[in-house]
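What follows is each chain in one-letter form.
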Amino acid sequence: MRVLVVEDEPRMAKLIQQGLEEEAYAVDVVDNGRDVFLWVQSATYDIILLDIMLPGMNGLDVCRQLRAEGFNMPVLMLTARDTLPDKVKGLDSGADDYLVKPFAIEELTARLRALARRDAPVKTAVLVIADLSLDPATKLAQRGGSVIELTAKEYALLETLMRHPHQVLSRDQIIEHVWNMEFESGSKLIEVYISNLRKKIDDGHPVKLIHTVRGLGYRIGD
Ligand code: CA
């Protein structure tokens, strides 16, 4: 899951980024409202975390303009203000949810998981393909009842594939969801991660789940 964090307080931005990266999210940070529009045009974000009090353009106006320009990704408003009118304004500007600072990172990630489920065809919390299951809350992967140990990036890669079951995802589509702006284009990182993931998921199983579609990308399914 790729998240754009819009937060002008460096300390808060760093705390959120670290907390989300520990949970295997790919995170980019911008520190003002206007730059949001450059970033959403250069990458596909699964979710935007949007502070309200921002230099340049406030979060309510950013959210209204995103919706007016047709960007439909979930927006979670983050703000220190906790009065009722502000919450209503946030939701009326097109935000999907609202979290008041200070908050626990566990609550933030639980809300992100709920927002990710909202537009999914299947609303169950645990992702399942054949005898493979992945729980975004605990990061636990299991195949045929055996637990599979995954690194944070392997988890993010598997989650991206499993959120698009039986679909071919291109290298670029995978990069967009799993890595942030620091990803070096042209690197062989994806091939390395797919190879490692395939060893953990498919080795020893007669039915292979991770497929390379030559010239197009990768697909998960039986
Ligand atoms: Ca602020």
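Let me sum up the structure you'll find in this document.

Rules behind the numbers
Residues numbered from 1 in each chain as written. Predicted model: local features only at pLDDT ≥ 70, side-chain atom pairs only at ≥ 80, totals over all residues. Heavy atoms only, no water. Donors = N, O, S within 2.8 Å, 3.2 Å for Na, K, Ca; no water. Helix = DSSP H or I, 4+ residues; strand = E, 2+ residues; numbered from the N terminus. Buried < 20%, exposed > 50% of the residue type's maximum accessible area, 1.4 Å probe, protein only. Pairing = 2+ DSSP bridges. Axes fitted to C-alpha atoms, helices over the stretch in contact; angles between N-to-C directions.

In this section: the coordination of the calcium ion. For the calcium ion, every protein donor is listed as D8 (OD), D51 (OD) and M53 (O), and the spread of their distances is 2.1 to 2.3 Å. Donor residues for the calcium ion, ordered by position in the chain, follow D-x42-D-x1-M. Note that D8 is positioned in the loop between β1 (2-6) and α1 (10-22) and M53 in the loop between β3 (47-51) and α3 (59-68), a separation of 45 residues in sequence. A relative accessible area of 53% places M53 in the exposed class.

Moving on to the sheet that holds strand β6 (residues 127-129). The 4 strands are arranged β6-β7-β8-β9 in an open sheet whose pairing can be described as antiparallel. The sheet is open, and its two edges are formed by β6 and β9 (146-148), each paired on a single side. Each neighbouring strand pair of the sheet contributes to a mean axis angle of 20°, computed without reference to strand direction. Direction of pairing for strand β7 (residues 132-135) relative to strand β8 (residues 140-143): antiparallel, over a ladder of 4 bridges. Bridged to S133 within β8 is Q142.

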